[in-house]
Amino acid sequence: MTKENEKAPTMNHFFKVSGSFWKFYQEIAVKNIIPYQEKAIHDEIPGIEKSYSVKNFILAAEKLKYGKTDGTFGGMVFQDSDVAKWLEAASYSLVQYPDPALEQRIDKLIEQVAAAQEADGYLDTYFTLKYPDQKFKNLHDAHELYCAGHFIEAGVAYYEATGKTSLLNVVQKLADCIYQHFIVEQNPGYSGHPEIELALFKLSRATGNSKYARLAKHFIDVRGVDSRFFNKEMESRSWNVWGAESVDPKYAQNDKPAKELSVATGHAVRAGYLYTAMADAAKTFGDEELAQACRRLWQNITQKRMYITGGIGSTAHLESFTADYDLPNDTAYTETCAAISLMMFARQMFRLEGDAKYIDVMERSLYNNVLAGMQLDGKKFFYVNPLESLPNISGIIPTHKHALSARPGWFGCACCPPNIARTITDIADYAWALQNKTLASLLFIDGILTLPQAGIKITQSTNYPFEGAVCYSFEKIAKTSSFVKNAAGNIEETEAENFALRIPGWAKNARISLNGKTIFKIENGEAKIFNTELNAPVSYAKGFLTIPLQPVISAGSGKIEASFDLNLRKVYCNSKVASNSAKAAVMAGPLVYCAESADNGDVLGLRIWQKAEPQFGAVCSDLGNCRKITVNGVRQLPFAGNEEALYSDIAPSYQEVSVELIPYYAWCNRGEGEMRVWLPLV
Ligand code: FUB
Ligand code: ZN
């Protein structure tokens, strides 16, 4: 069992981000996003929609203590999750940037949350304040288990960050209350919005109590056994959160038992969180049927339903997946949270299968859809991340209302900004993994990894994603017996015998050297290992180059240098995707590029030459030092003699232009304008 002040460190504890790209983002998260969100949840920012989220806890606590209430509850039914997600992000930030004053404020907020917890462990201010006799009766819409999941994640994160069990105790009590209701009392049901399942796996690992993993597995196993479950639930009660329309079981992924799923359907965030938990369950319980379902779902998403930016969810209608190859650019939903859910699914699939192909997708979502969700100053956010923006249409006409052309400061439904914050502040847990005695470098991030239990320190230096060189300097350090506990995925490792370097799938040319000697090359996609004179073999499988650590550090220090050609390239799309027909997108390394008005004026008139080779251009100091790309093309000129004509039977003229592109994640940081990822070819 966990003890007060016995820390359960994660990779976030061992890896300090330094310099360049991610330091910039972590500082934005710590200096801007987290303080901004803290004010937002406390309703201290004039001029933005009120959150009410902390207020709800204060009111619920007063009601529990004094029986006092006027039934007021502010915000969405899942407003509590904003507090939970802020607590989680703030906890991770304490690991990278210790801040006693912030920690004190977190402690105060935890007290406020704890005061709103009912005697049996129940915690959800919507029901405590408004419908105390309706608990667990609207699992489809009322989000109790979703909010509980976010609190559980926060409780684990704060415990891992500080060793304090205050919030962990609250969420254990909450999980016990849920266990009592669904397992001991055998009430049927599961969450309409998955999230609790993945959180319970974390809780189980953090506390060492397997009952929480069993509860998570139970929720996965009973889901979809009766596909009319939520409709029956609705018919049996007289109230609803959002109207009384019958629900399509595909929306909440309960049309079939989880182990039979093969097509990603319904609400994209719900889907991503469910599949993450399914992959965790497959690993934790060795459930091969669930693993097979996860592989099928992964294949369906990444081969037929995912945007080039790593976004998922093609329509605003129910924030959902639609059909294979339906990937419209200007009306895409591609919610930031959905891309984060895909990152989580990818990370869990990697833990299950050890294949770098999952990390390629995780990286795609991260560097494109997820980062686009935030203004570079960390003060404004996109919820929806379209791949094409059309002023006067985007964000305005009914079909495009959701696809705003500029990031607002906050949202009434503020699920995405805190989700970005928690991802950025916990980036080390996405960047590194230690399993099967192998330390794997998954993402390339400037920083220092100190693993005392393995007796090594690694300094990773890189200007990735703008350059493809990554240097790892290894040093032998004194071994201690502490352990790594990665609540998000794997526990238990105490030793690292191998170092596994991810070779990104996009790298068609790469060279890896050990202490100056080439040990591995990829040339035009062909991999070759060189005789290294090491006393243990180097191997290349599943996208990882695995190098035994002993010879690397035997002399006290060693250096592995990777040089990945960023493979500046045009990418084409299957012609079944109507909106991308006869178009290409440009990528360099993991980054998807786009054209926007700030560099090009009119973007919709631009086409690029089929044969043009994109070239790296200037460094943009006003966009976080990203590198521009230029590609030759033409611009369609207005119709001669009648510029306003809608149609003309006289072919337009074209002007040769050099089209300027910036990374998609940086779009809309220099005012509103047209933006396009997929450019017509000429
Ligand atoms: O329902 C909770 C969250 O709000 C979802 O995950 C988002 O899609 C938004 O609808
Ligand atoms: Zn969201």
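The numbering scheme is per chain: residues are counted from 1 as the chain's sequence reads. Chains and ligands are labelled by the order in which they are written, letters from A for the one and numbers from 1 for the other. A pLDDT threshold of at least 70 governs which residues receive local features in this predicted model, and a stricter bar of 80 or more applies before side-chain atom pairs are shown or counted, although totals over entire chains, interfaces and linings include all residues. Side-chain numbers here rest on the full set of heavy atoms in the structure, without hydrogens or water.

A. Main features of the packing of helix H4 (residues 80-96) against helix H5 (residues 100-115). Axis lines are fitted to C-alpha atoms, over the contacting stretch for helices. Their N-to-C directions set the angle, which ranges from 0 to 180 degrees. Under the DSSP-based scheme used, a helix requires at least four consecutive residues in state H or I and a strand at least two consecutive residues in state E, with every element numbered from the N terminus. Running from N to C, H4 and H5 cross one another at 150°; their axes reach a closest spacing of 11 Å. By the angle between their directions, the pair H4 and H5 is classed as roughly antiparallel. As for the relative orientation of H4 and H5, their crossing is left-handed in sense. Two secondary-structure elements touch here, H4 through Val83, Trp86, Leu87, Ala90, Ser91, Ser93 and Leu94 and H5 through Leu102, Glu103, Ile106, Leu109, Ile110 and Val113. Reported orientations rely on four angle classes, namely roughly parallel under 35 degrees, roughly antiparallel over 145, roughly perpendicular from 65 to 115, and oblique for the rest. In this scheme the handedness of a crossing depends on how the near helix is turned from the far one: anticlockwise by less than a right angle means left-handed, clockwise means right-handed. Contact criterion: two residues are considered in contact whenever any of their non-hydrogen atoms come within 4.5 Å of each other.

B. Geometry of the sheet that holds strand E11 (residues 526-529). Within the open sheet, the eight strands sit side by side as E1-E5-E6-E7-E14-E9-E10-E11. Their pairing is antiparallel. In the strand order of this sheet, the two ends are held by strand E1 (15-17) and E11, each with one partner. Neighbour to neighbour, the strand axes of the sheet diverge by 15° on average, direction disregarded. By definition, two strands form a pair when at least two bridges between them are found by DSSP.

C. Examining the coordination of the zinc ion (ligand 2) more closely. Within the protein, Glu335 (OE), Cys337 (SG), Cys415 (SG) and Cys416 (SG) serve as the donor atoms for the zinc ion (ligand 2), at 2.0 to 2.3 Å. Sites may look incomplete, because water is not among the atoms used; the donor set itself consists of N, O and S atoms within 2.8 Å of the metal (3.2 Å for Na, K and Ca). Every geometry call rests on angle ranges, with four donors termed tetrahedral when all angles are between 85 and 135 degrees, four termed square planar and six termed octahedral when opposite donors are over 155 degrees apart and all others are between 65 and 115, and everything else termed irregular. The site at the zinc ion (ligand 2) holds four donor atoms, and with the angles between them running 95 to 117°, its shape is tetrahedral. Expressed as a motif, the donor residue spacing for the zinc ion (ligand 2) is E-x1-C-x77-C-C. Of this pair, Cys337 sits in helix H14 (residues 336-353) while Cys416 sits in helix H16 (residues 416-425), placing them 79 residues apart in sequence. Residue Cys337 shares its accessibility class with Cys416, and that shared class is buried. Here the term buried applies to any residue with accessible area under 20% of the maximum for its type, exposed to any over 50%, and partly exposed to those in between, with areas from a 1.4 Å probe on protein chains only.

D. Seen up close, the layout of surface pockets. Looking at the largest pocket, its volume works out to about 640 Å³. Taken together, 25 residues form the lining of the largest pocket, with Asp141, Trp242, Tyr251, Arg270 and Leu318 sitting closest to its centre. Only Asp, Glu, Lys and Arg are considered charged, only Ala, Val, Leu, Ile, Met, Phe, Trp, Tyr, Cys and Pro nonpolar, and every remaining residue, Gly among them, polar. Partitioned by chemical class, the residues of the lining of the largest pocket number twelve nonpolar, seven polar and six charged. The volume enclosed by the second largest pocket comes to roughly 550 Å³. Only protein atoms enter the 1 Å grid used here. Points where a 1.4 Å probe fits but cannot escape make up a cavity, open sets with protein on both sides within 12 Å along at least five of seven lines make up a pocket, and a residue lines them when an atom lies within 4 Å of a point. Around the second largest pocket, the lining comprises 23 residues; the ones closest to its centre are Thr302, Gln303, Met306, Ile308 and Arg364. When residues of the lining of the second largest pocket are traced back to their parent elements, those giving at least two are helix H13 (288-305), helix H15 (356-372) and strand E15 (569-572). No other element matches the six residues that H13 contributes to the lining of the second largest pocket. Grid points are joined across faces, edges and corners, and a volume is the space filled by probe spheres set on the points.

E. Local environment of the pattern of salt bridges. The working definition used for a salt bridge is a side-chain nitrogen of Lys or Arg within 4 Å of a carboxyl oxygen of Asp or Glu. A full pass over the atoms with the stated rule returns 29 salt bridges. Residue Arg635 is joined to Asp602 by a salt bridge in which the shortest nitrogen-to-oxygen separation is 3.7 Å. Of the two residues, Arg635 sits in strand E20 (residues 626-636) while Asp602 sits in the loop between helix H19 (597-600) and strand E18 (606-608), which places them 33 residues apart along the sequence. Note on Arg635: relative accessible area 16%, which makes it buried.

F. Expanded view of the nonpolar core. In this structure, Trp22, Met278, Leu439, Phe499 and Tyr665 are the most contacted members of the largest nonpolar core, which totals 229 residues. In contact with Trp22, other than residues within four places in its own chain, are Val17, Leu366, Tyr367, Leu371, Ile424, Ile427 and Ile445. The term nonpolar core refers to a set of buried residues drawn from Ala, Val, Leu, Ile, Met, Phe, Trp, Tyr and Cys, joined through side-chain atoms within 4.5 Å. Core analysis: the next-biggest nonpolar cluster, separate from the first, contains five residues, Tyr36, Ala40, Trp410 and Ala414 among them.

G. Focus on H14. In a helix, the anticipated span is given by 1.5 Å times the number of residues less one. For H14, built from 18 residues, the straight-helix expectation of 26 Å at 1.5 Å per residue is met to within 8% by its first-to-last C-alpha distance of 26 Å. With 17 of 18 residues buried, H14 lies mostly within the body of the structure.

H. Representation of unusual backbone geometry within the structure. Cis geometry marks the peptide bond from Tyr464 to Pro465; its omega dihedral reads 5°. Here Pro465 shows up in the loop between strand E6 (456-462) and strand E7 (469-476).

I. Examining the pairing of E7 more closely. In terms of strand pairing, E6 meets E7 through seven bridges, oriented antiparallel. Counted as the bridge partner of Thr459 is Ser473 from E7. The hairpin turn running from E6 into E7, its antiparallel successor, is six residues long. Both E7 and strand E14 (residues 557-564) contribute to a ladder of seven bridges, which runs antiparallel. Each bridged residue has a counterpart across the sheet, and for Ala469 the counterpart in E14 is Ser563.

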